[in-house]
Amino acid sequence: RFLQFLASRNTLFNLSNFLDKTGSHGYDMSTFIRRYSRYLNEKAFAYRQMSFDFGRVKKGADGAMRTMSVEKLLKGMPILQSQIDSLLDFEVHPKDLNNRVINACFLLLFKDLIKLYACYNDGIINLLGGQGRMKMAAVALSNGSRSLI
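Because the structure is predicted, anything quoted here is derived from the model rather than measured. (Residues numbered from 1 in each chain as written. Predicted model: local features only at pLDDT ≥ 70, side-chain atom pairs only at ≥ 80, totals over all residues. Heavy atoms only, no water.)

Caption draft 1: The side chain of serine 37, seen in detail. If you trace the backbone, serine 37 turns up in helix H2 (residues 24–50). Relative accessible area serves as the criterion here: at 4%, serine 37 is assigned to the buried category. Separated by 2.8 Å, the side chain of serine 37 and the backbone oxygen of arginine 34 make a polar contact. (Helix = DSSP H or I, 4+ residues; strand = E, 2+ residues; numbered from the N terminus. Buried < 20%, exposed > 50% of the residue type's maximum accessible area, 1.4 Å probe, protein only. Polar contact = N/O pair within 3.5 Å; in protein donor to acceptor, adjacent residues only side chain to side chain.)

Here is the structure:
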């Protein structure tokens, strides 16, 4: 429900200038809070575009990404890739994990990464398995080339 609420809003977490000046730990955490908010914005954007949460869809042979049409899959894979990229931009180092806020963000992102990777894997399997069913024009457009049309 929270993700649905975020997706329904035009402006989300605008924390690009967030800076906690209450103490020395606040400066350390501010960078990671900004990065985490960027991921949450990207997650809400993905939900708005696809009408479902990649982390909550059914996975496996009869999962959402394996049974999705090729057209919808070609639309959804770049969105999923963008969400994974924003998650990986968190860039935490082991020395930063001593902070509880940073550690909590890292654990939540790690759990999401496992789910998103499983979706991405299912999507790639579907694309490779459905390549024979795809029209040549769709293949050309998905590669960004018009030479095959």
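Caption draft 2: Expanded view of the pattern of salt bridges. A full pass over the atoms with the stated rule returns 5 salt bridges. The partner of lysine 95 in a salt bridge is aspartate 96, with the nearest N and O atoms 3.6 Å apart. Residue classification places aspartate 96 among the buried residues on the basis of a relative accessible area of 16%. (Salt bridge = Lys/Arg side-chain N within 4 Å of Asp/Glu carboxyl O.)

Caption draft 3: Representation of the nonpolar core within the structure. Core analysis: the biggest nonpolar cluster contains 27 residues, and Tyr36, Tyr39, Phe54, Met65, Leu80, Phe90 and Leu116 have the highest contact counts within it. Elements that contribute at least two residues to this core include exactly H2, helix H4 (70–88) and helix H5 (100–129). Apart from residues lying up to four places away in sequence, methionine 65 is in contact with Phe54, Leu73, Met77, Leu80, Cys119, Asp122, Gly123 and Asn126. (Core = buried A, V, L, I, M, F, W, Y, C linked by side-chain atoms within 4.5 Å. Contact = heavy atoms within 4.5 Å.)

Caption draft 4: Local environment of the packing of H4 against H5. The contact between H4 and H5 brings their axes to 10 Å, and the two run at 150°. By the angle class used here, H4 and H5 are roughly antiparallel. Here H4 runs over H5; the crossing is left-handed. Along its contact with H4, which presents Val70, Leu73, Leu74, Met77, Leu80, Gln81, Gln83, Ile84, Leu87 and Leu88, the element H5 presents Leu109, Asp112, Leu113, Leu116, Cys119, Tyr120, Gly123, Ile124, Asn126 and Leu127. (Axes fitted to C-alpha atoms, helices over the stretch in contact; angles between N-to-C directions. Parallel < 35°, antiparallel > 145°, perpendicular 65-115°, else oblique. Left-handed = near helix turned anticlockwise from the far one by under 90°.)

Caption draft 5: Region of the structure containing H5. For H5, built from 30 residues, the straight-helix expectation of 44 Å at 1.5 Å per residue is met to within 8% by its first-to-last C-alpha distance of 43 Å. Of all the positions in H5, only Ile102, Cys105, Leu109, Asp112, Leu116, Cys119, Asp122, Gly123, Asn126 and Leu127 are classed as buried. Structurally, the start of H5 carries an N-cap: the backbone nitrogen of valine 101 is 2.9 Å from a side-chain oxygen of asparagine 99. (Expected span 1.5 Å × (residues − 1).)

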